[in-house]
Amino acid sequence: MGALDHLSNLFDCSTGSSHKFKKPKQLQTVEIKVKIDCEGCERKVRRAVEGMKGVTQVEIEPKQSKLTVIGYVEPSKVVARVRHRTGKKAELWPYVPYEVVAHPYAPGIYDRKAPAGYVRSADDPQVSQLARATSTEVRYTTAFSDENPSACTIM
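This structure is a prediction, so every number in the text was calculated from the model and none was measured.

## A word on the layout of surface pockets
Working step 1: Estimates place the volume of the largest pocket at around 290 Å³.
Working step 2: Lining the largest pocket are 14 residues; nearest its centre among them are Lys33, Val34, Lys35, Ser65 and Glu91.
Working step 3: Of all elements in the fold, only strand E1 (28–34) and strand E4 (90–92) reach the threshold of two or more residues within the lining of the largest pocket.
Working step 4: Class assignment of the residues belonging to the lining of the largest pocket gives a composition of six nonpolar, two polar and six charged.

Structural data, given as structure tokens:
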């Protein structure tokens, strides 16, 4: 856009006296879970996303079924575009690294379908409550632990 176009937009009286400037979108990294079986699927997903306005970089990891889009885009629009253009089930990346979660094998957090080194994110308060051990449980489990020097010696 040249300088004359910019000046003509500033002094344009046809739209009214109040100018509403759009806030520029922020650079975001959007991670999406989408099943990618073959190179054809990978190509279809890549073409669907690369055509979007604001996308700067697309990375696909077929073994993890993960699509990473970097750009000035909204996550919901990227997911909708992948669903519409490819016909595949797509959702925002629901996993977090294994080390982040306190109890990764708790019900609701452990997911057999998750890639290696990842477990399901526990944003739901009821699920995270199930994953958290109570103080009574911790007391009983550490009473018979090998790391506890004052543990029960009868065993």
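We are not done yet, so read on.
## Observations concerning the pairing of E1
Working step 1: Alignment of E1 against strand E3 (residues 66–71), held across six bridges, turns out to be antiparallel. Directly across from isoleucine 32, in E3, lies its bridge partner leucine 67.
Working step 2: As paired elements, E1 and E4 share three bridges and run antiparallel to each other. If you follow lysine 33 over to E4, its bridge partner there is glutamate 91.

## Concerning the sheet that holds E3
Working step 1: As summarised here, the arrangement of the four strands in space is E2-E3-E1-E4, forming an open sheet in which the pairing is antiparallel. Of all strands in the sheet, those with a lone pairing partner are strand E2 (55–61) and E4, marking the two edges. Each neighbouring strand pair of the sheet contributes to a mean axis angle of 25 degrees, computed without reference to strand direction.
Working step 2: Judged from the six bridges that link them, E2 and E3 form a sheet pairing that is antiparallel. Note on E3: the bridge partner recorded for valine 58 is valine 69.
Working step 3: Against the sheet, helix H2 (residues 39–50) engages E2 and E3, with an angle of about 160 degrees to E2.

## Here's the deal with the environment of proline 115
Working step 1: Residue placement: proline 115 occurs in the loop between strand E5 (95–97) and strand E6 (118–120).
Working step 2: With relative accessibility at 11%, the residue proline 115 sits in the buried group.
Working step 3: A C-alpha to C-alpha distance of 9.6 Å links proline 115 and lysine 66, two positions 49 residues apart in sequence.

Conventions used here
Residues numbered from 1 in each chain as written. Predicted model: local features only at pLDDT ≥ 70, side-chain atom pairs only at ≥ 80, totals over all residues. Heavy atoms only, no water. 1 Å grid on protein atoms, 1.4 Å probe; cavity = no way out; pocket = protein on both sides within 12 Å on 5 of 7 lines; lining within 4 Å. Points joined across faces, edges and corners; volume = space filled by probe spheres on them. Helix = DSSP H or I, 4+ residues; strand = E, 2+ residues; numbered from the N terminus. Nonpolar A, V, L, I, M, F, W, Y, C, P; charged D, E, K, R; others polar. Pairing = 2+ DSSP bridges. Axes fitted to C-alpha atoms, helices over the stretch in contact; angles between N-to-C directions. Contact = heavy atoms within 4.5 Å. Buried < 20%, exposed > 50% of the residue type's maximum accessible area, 1.4 Å probe, protein only.

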